[in-house]
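Here's the letter readout for the chains.
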Amino acid sequence: MFLAADAGGGHKASAAALIHQFKTHFPGSHCESFQLEKILDVWPYTKLVNSYGFLTARPEVWRVIYHVTNSRFIEPVMNFHSRITCEEIFVKLIESYNPDVIISVHPNTNIVPCAAARKAGQSLNKYIPFFTVVTDLGSGHCGWFQKDVDRLYVGSEKIFKLAKARGQTPVERITLTGLPIRHDFDIVCRRMNYVNNLTDPDPDEVMSNENKSIEEEDVGQCLSYQGQQCLLKDELGLDSETPMVLVMGGGEGTGLLYEIICELYLGLFIADVSCTLCVVCAKNTELKKKFENTNWNGLLLEKSESSYDKYKRILLRSVFPLGNTINNEKTETTATLPALSERVINIQVNNKEEEEHDKLKDRARKVTVVPLGYVTRMAKYMAAAEILITKAGPGTIAEAASLGLPVILTSYLPGQEAGNVGVVLEQNFGTFSSKPADIAKKVIRWIRDPTLLHQLSQNALKAGHPNAASDIVIDIGWRTHTWLRQNAENYEEKKRIISLISEENDTGT
């Protein structure tokens, strides 16, 4: 029995990763995930999903709510309210589902559900172990930590220290495992890390019966690390010879994605650096359409006055004769520049102008923008990338680290995600910058310095925990089987005692 909430994609992704590992390591296991907002009809839980989107769009409001609810003074009040309003609901749910084990992957599904599990276990005549998997990396809400949990699995040293400092969970019950990542990343990690000599898995172990052909394809390739990246780029329809930067804004496609891509495009063009910019718009279809309809030559003309002298501006107009700006709807549009740069230009230029003209045309061919919608092959895109630009979500950071992918963090939710930035900076596999122009400068510097980029990648690999989901499930499975045997022995003992009492009563009568 998994307890989660549909507030952000990280909790559901962690639950899905653990469920897959249960089916792999313990075939025949039945796993079901219960969402908090669907279980409870009590305020504020009924508004959890809608309020999450509203609050994440207003970081300052989120900051206040997070820190108020995370204070030691408010925590007892919240716990009391939750017990009064929600405990019996959880007791009835657990009794009806009758699980062998409960796993929480959300900070709001720990204290009260754990107490409810103890009550339900008494009525069901068995002990129901309760485990918490913390899905945060650098900052942890007090809701994660409670004293009666059987085991608390944390994703980083920072959360381990925070759990100890909170003092609720006994230290001997806290285990540092890393953050569970999705199964697709597990497959690609094995493929990439195997050739990078970071892990040396037995191919027979790697290939499970389920989706065996896929894993044979992924693990069986014995190319260099760079060779694997080129192969992945080919699979994704990208230029295998050009560095790729992956830009993300979370599941909703939020953030300053458009501004970042514009600055990256302009900066790469000016620096004469070849690059493919893959931008994940996710559910934001309007943003994807905006990228597809952007007139990139218009962008260059619009920005050229501050970046080039008048002479080069004239040459730009000769290379890109469309004088309309990016906001004109009737302008011929495209997501890439090669088609525009192939226009026949019937102008008279001297030798110097012709040389400059050709250089600008070559630059235009070197930068490509690829807008993506909701991506189902995210693991392959991240493995194919040289740099990831994203918000400071813990799941994305953990997945990037497992693949050795350097990251540039652009934003974070105050309180909840602030500590994630510290994890990246302390482990030295990325940086933070909220200004699109600064982000562009960092990308250009990293691409131009392969030694630096390689070092950042190695640091990321050291910080990654690609086997976290498997390690957590094996440990939970072992502990649960121990309790199952104990419950069975207790049940048989109770039956024996009841039988003896019944015989004594019969003899007495």
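Remember, predicted model here, so these are calculated numbers, not experimental data. (Residues numbered from 1 in each chain as written. Predicted model: local features only at pLDDT ≥ 70, side-chain atom pairs only at ≥ 80, totals over all residues. Heavy atoms only, no water.)

Undergrad: Explanation requested: the sheet that holds strand E9 (residues 367-372) in the structure shown.
TA: Within a beta sheet, neighbouring strands are joined by backbone hydrogen bonds and run either parallel or antiparallel to one another. Sheet architecture is open: six strands sit in the order E9-E8-E7-E10-E11-E12, paired in parallel fashion. One side of each edge strand has no neighbouring strand; the edge strands of this open sheet are E9 and strand E12 (430-432). In this sheet, neighbouring strand axes are inclined to one another by 15° on average, regardless of whether the strands run parallel or antiparallel. Of the pairings in the sheet, the one linking strand E10 (residues 387-390) to strand E11 (residues 407-409) comprises three bridges and is parallel in character. Paired with Thr390 across the two strands is Leu409, which belongs to E11. Packing of helix H13 (residues 285-292) onto the sheet brings it into contact with strand E8 (275-280) and E9, and relative to E9 it is tilted by some 155°. Contacts from helix H20 (residues 418-427) reach E11 and E12, with the element oriented near 140° to E12. (Pairing = 2+ DSSP bridges. Helix = DSSP H or I, 4+ residues; strand = E, 2+ residues; numbered from the N terminus. Axes fitted to C-alpha atoms, helices over the stretch in contact; angles between N-to-C directions. Contact = heavy atoms within 4.5 Å.)

Undergrad: Help me understand the sheet that holds strand E2 (residues 33-35), please; the structure alone is not making it clear to me.
TA: Taking strand neighbours across the sheet as the criterion, the six strands line up as E2-E1-E3-E4-E5-E6 in an open arrangement whose pairing is parallel. Here the strands that pair on one side only, and so sit at the sheet edges, are E2 and strand E6 (174-176). Neighbour-to-neighbour, the strand axes of this sheet turn through a mean angle of 25°, independent of strand direction. Looking at chain direction, strand E3 (residues 102-104) and strand E4 (residues 130-133) are connected through three bridges and run parallel. Looking across to E4, one finds that Ile102 is bridged to Phe130. Packed onto the sheet, helix H6 (residues 111-124) meets strand E1 (2-4), E3 and E4 and runs at close to 165° relative to E4. Relative to E6, helix H7 (residues 157-166) is tilted by about 170°, and along the sheet it contacts strand E5 (151-154) and E6.

Undergrad: What's the story with the packing of helix H12 (residues 257-271) against helix H21 (residues 436-448) in this structure? I'm lost.
TA: When two helices pack together, their arrangement is captured by the angle between the axes and the distance separating the axes. Packing of H12 against H21 brings their axes to within 8 Å, and their N-to-C directions diverge by 45°. Classified by the angle their axes make, H12 and H21 are oblique. In this structure, H12 meets H21 at a crossing whose hand is right-handed. Residues Glu259, Ile260, Glu263, Leu264, Gly267, Leu268 and Ala271 of H12 touch H21, and the partners they reach there are Pro436, Ala437, Ile439, Ala440, Val443, Ile444 and Arg448. Partitioned by chemical class, the residues of the contact of H12 with H21 number ten nonpolar, one polar and three charged. (Parallel < 35°, antiparallel > 145°, perpendicular 65-115°, else oblique. Left-handed = near helix turned anticlockwise from the far one by under 90°. Nonpolar A, V, L, I, M, F, W, Y, C, P; charged D, E, K, R; others polar.)

Undergrad: What is the right way to read the nonpolar core from this model?
TA: Side chains of nonpolar character tend, in soluble globular proteins, to be buried together. Membership of the largest hydrophobic core comes to 42 residues, with the highest contact counts inside it found for Leu246, Tyr381 and Met382. The element contributing the most residues to this core is helix H18 (residues 378-384), with six residues. (Core = buried A, V, L, I, M, F, W, Y, C linked by side-chain atoms within 4.5 Å. Buried < 20%, exposed > 50% of the residue type's maximum accessible area, 1.4 Å probe, protein only.)

Undergrad: In this structure, what is going on with unusual backbone geometry? I would like to understand it.
TA: Most of the time, phi is negative for any residue but glycine, and the peptide bond is trans. You will see that Asp272, though not glycine, has its phi angle at about 60°, which is positive. You can see Asp272 is positioned in the loop between H12 and E8. Judged by its relative accessible area of 34%, Asp272 falls in the partly exposed class. Unlike most non-glycine residues, Ala282 shows phi in positive territory, near 55°. Position of Ala282 among the secondary structure elements: in the loop between E8 and H13.

Undergrad: Mind showing me how you'd approach a nonpolar patch on the surface here?
TA: Taken together, the side chains of Val64, Val68, Phe73, Ile74 and Val77 make up a nonpolar region of the molecular surface, amounting to roughly 490 Å² of accessible area. Counting through the fold element by element, Val68 comes out in helix H4 (residues 59-69). (Patch = residues over 30% accessible without salt bridge, like charges linked within 9 Å, V, L, I, M, F, W, Y side chains within 5 Å. Areas by Shrake-Rupley, 256 points an atom, 1.4 Å probe, with all protein chains shown as cover. Salt bridge = Lys/Arg side-chain N within 4 Å of Asp/Glu carboxyl O.)

Undergrad: Just to check I follow, could you spell out the packing of H21 against helix H22 (residues 450-463) for this structure?
TA: One way to put it is that H21 packs onto H22 with a least axis distance of 5 Å and a crossing angle of 100°. The angle between H21 and H22 falls in the class roughly perpendicular. Residues Arg445, Trp446, Ile447 and Arg448 of H21 lie in contact with H22, whose contacting residues are Pro450, Leu452, Leu453 and Leu456. Here the residues of the contact of H21 with H22 sort into six nonpolar, no polar and two charged.

Undergrad: I tried to follow the side chain of Gln146 on my own but got confused; where do I start?
TA: Relative to the helices and strands, Gln146 resides in the loop between E4 and E5. Residue class for Gln146 comes out buried when judged on its relative accessible area of 5%. Residues contacting Gln146, with those up to four places away along its chain left out, are Asn110, Ile111, Cys114, Phe130, Thr132, Gln168 and Thr169.

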